[in-house]
Amino acid sequence: MVDGSNTMINLIDIGARGGISSPWKREDIDHLILCDADAEMNEDGKCRVLDECVYSDNEERLFYVYQKESTSSLFKPDLVALKKLGKSKKNLKLKYTLIKAKNVKCRRLDSLLPDYEESYNFIKSDAQGADLAILQGMGRYIDNMIGVHCECFLFPEYKGIPLFDDILFYLGEHGLKPSRIIKKKKNWVDILFVRDGVSEDRKFIDDIYIKYQPYTESLEVELFKKIKKYRRKVKKWHGIKEI
């Protein structure tokens, strides 16, 4: 329950290393799914821990474990792009030295969620470039989401990953619009998306805003300054003149 609201948060937390992610606390959540092999929470009647990778297809893929564990991903780093961002060789070695590549079984969320009786209404995804594929793997369940907390890359930190524009377009097609910046770095931002025009959920959405208030900044000013800068750089990399 959020700040006295009667609406219960049922949260899917992807990339939940160490347990449920800020700003959420266990008492805020009714039903919870944690997706990460290293999630440090015990299962109970309302908390389930999945040590499977979730993706857009039910298939086996290589998972790359790098020296800095939090950068481990289904994707290889784009070292050319990272160097253009000013990353030093030392920094790249510390973060992206490959420890091992292992085969993992990936599942679509819409092949997992029918196993649960409860309806989930909020998803948080921090998946090092796999975020759009995870959202696509929700199938029709994406339309049950009132809120999405998603990591969005502004530059291709990993080879072939979707960027902010791709996630913005996909969620927009499903009635979810960017609303708040939660966290920002040079090459990525965490963004809160909320469902547009759902009057019966207005109190619920307002409560989500309150929950995220300490972490948010002006979307219109800060984010789109960053996006404009990103687009200029991408065009420059590809030899496209600014119009």
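Rules behind the numbers
Every chain is numbered on its own, with residues counted from 1 as its sequence reads. In keeping with the model being predicted, local features are shown solely for residues with a pLDDT of at least 70 and side-chain atom pairs are shown and tallied solely at 80 or more, while totals for entire chains, interfaces and linings include all residues. Calculated side-chain values reflect all of the structure's heavy atoms, with hydrogen atoms and water omitted. Secondary structure counts use DSSP, requiring at least four H or I residues in a row for a helix and at least two E residues in a row for a strand, with both numbered from the N terminus. Accessible area is worked out with a 1.4 Å probe on protein chains only. A residue is then buried under 20% of its type maximum, exposed over 50%, and partly exposed in between. We call two residues contacting when some pair of their heavy atoms lies within 4.5 Å. Only the protein chains shown count as cover for residues, and the accessible areas themselves come from Shrake-Rupley with a 1.4 Å probe. Centres within 6.5 Å are what make two rings of Phe, Tyr or Trp a pair, Trp counting through its six-membered ring; a difference in plane orientation under 30 degrees is then read as stacked, over 60 as edge-to-face, and the rest as tilted. Working note: the arc is built from the helix axis to C-beta atom directions. When two cysteine sulfur atoms are found within 2.5 Å, that pair is recorded as a disulfide. Each nonpolar core is a collection of buried residues, namely Ala, Val, Leu, Ile, Met, Phe, Trp, Tyr and Cys, held together in the definition by side-chain atoms within 4.5 Å. Note on pairing: two strands pair once DSSP finds at least 2 bridges between them. Residue-level confidence of the predictor is what pLDDT reports, using numbers from 0 through 100. Structural elements are reduced to axes, namely lines fitted to C-alpha atoms, with helices fitted over the stretch in contact, and the angle between N-to-C directions of any two is expressed from 0 to 180 degrees.

**Q** An account of the overall build of the protein chain is requested, with residue identities and associated values reported.
**A** Helices and strands together make up the secondary structure of the protein chain, namely seven helices and ten strands. Within the protein chain, the fraction of its 243 residues that count as buried is 50%. The long-range fraction of contacts in the protein chain, counting pairs at least 24 apart against all pairs at least 6 apart in sequence, stands at 64%. Summed over all atoms, the accessible surface of the protein chain reaches about 12,300 Å², with 49% contributed by carbon and sulfur.

**Q** Quick rundown of the packing of aromatic side chains? Include the residues and the values.
**A** Scanning the model with the defined rule gives five aromatic pairs in all. Ring centres of Tyr 66 and Tyr 96 lie 5.8 Å apart, and the angle between their planes is 75°; on these two criteria the pair is classed as edge-to-face. A residue pair is termed long-range when its members are at least 10 positions apart, and Tyr 66 in strand E5 (residues 59–66) and Tyr 96 in helix H2 (residues 89–96) qualify at 30 residues. With respect to burial, Tyr 66 and Tyr 96 carry one shared label: buried. Following the ring pairs from residue to residue traces out a cluster consisting of Tyr 64, Tyr 66, Tyr 96, Phe 153 and Tyr 158.

**Q** Please give an account of helix H5 (residues 164–173) that cites residues and values.
**A** All buried positions along H5 are accounted for by Phe 164, Ile 167, Tyr 170 and Leu 171. Down the axis of H5, the sector holding all buried residues measures 135°, keeping them to one side. Summarising the geometry of H5, the exposed residues directed more than 90 degrees from the buried face are Phe 169 and Glu 173. Gly 175 lies just past H5 and shows a positive phi near 80°.

**Q** How would you summarise the side chain of Thr 71 if you had to cite specific residues and measurements?
**A** When you line up the elements, Thr 71 lands in the loop between E5 and helix H1 (79–84). Apart from the residues lying within four places of it in its own chain, the contact partners of Thr 71 are Tyr 66, Lys 95, Tyr 96, Gln 128 and Tyr 158.

**Q** Outline unusual backbone geometry, supporting the account with residue identities and numerical values.
**A** Phi is positive for Gln 128, which is not a glycine, with a value near 50°. Within the secondary structure, Gln 128 is located in the loop between strand E7 (122–125) and helix H4 (131–136).

**Q** Requested: an account of the state of the cysteines, with residues and values cited.
**A** Enumeration over the complete set of coordinates arrives at zero disulfides. In this structure Cys 150 is a free cysteine whose sulfur lies 4.3 Å from that of Cys 152, the closest cysteine sulfur available. By relative accessible area, which is 0% here, Cys 150 ends up buried.

**Q** Give me the lowdown on H2, citing residues and values where you can.
**A** The set of residues buried in H2 consists of Leu 92, Lys 95 and Tyr 96. End-on view of H2: buried residues confined to an arc of 75°, all on one side of the axis. Projecting away from the buried face of H2 at angles above 90 degrees are the exposed residues Lys 90 and Lys 93. Turning to H2, the residues buried within the fold contact E5, H1 and strand E6 (98–107).

**Q** With reference to specific residues and values, describe the nonpolar core.
**A** Ile 123 and Leu 135 are the most contacted members of the largest nonpolar core, which has 54 residues in total. Setting aside its immediate chain neighbours within four residues, Leu 135 contacts Ile 123, Ile 142, Val 148, Cys 150, Ile 167, Tyr 170 and Leu 171. By size, the runner-up hydrophobic cluster in this structure holds 15 residues, among which are Ala 16, Trp 24, Val 194 and Ile 208.

**Q** I'd love a proper account of the sheet that holds E5, names of residues and values included.
**A** The strand order across the open sheet formed by three strands is E4-E6-E5, and the pairing between neighbours is mixed. Bordering the open sheet on either side are strand E4 (53–54) and E5, each of which pairs with just one other strand. Strand direction decides the pairing type here: E4 and E6, joined by two bridges, are parallel. Of the residues in E6, the one forming a bridge with Cys 53 is Cys 106.

**Q** An account of the confidence of the model for the protein chain is needed here, citing residue identities and associated values.
**A** Counting all residues, the mean pLDDT for the protein chain is 81, and 77% of those residues have values of 70 or more. Here helix H7 (residues 219–237) is the element of the protein chain with the lowest mean pLDDT, 59, and H4 is the one with the highest, 98. Contacts from residues 1–5, a stretch scored under 50 in pLDDT, to residues over four places away or in other chains number 17 contacts. In this model, residues 238–243 is a region of pLDDT below 50 whose contacts with residues beyond four sequence positions or in other chains number three contacts.

**Q** Could you give me a rundown of the sheet that holds strand E3 (residues 47–50), with the residues and numbers involved?
**A** The strand order E3-E2-E1-E7-E8-E10-E9 describes an open sheet built from seven strands, whose pairing is mixed. Edge positions in the sheet fall to E3 and strand E9 (176–184), since each of these pairs with one other strand and no more. Pairs of neighbouring strands in the sheet enclose a mean axial angle of 20°, with direction left out of account. In this sheet, strand E2 (residues 29–35) lies alongside strand E1 (residues 9–14) in parallel orientation, the contact comprising five bridges. Opposite Ile 12, over in E2, you have Ile 33 as the bridge partner.

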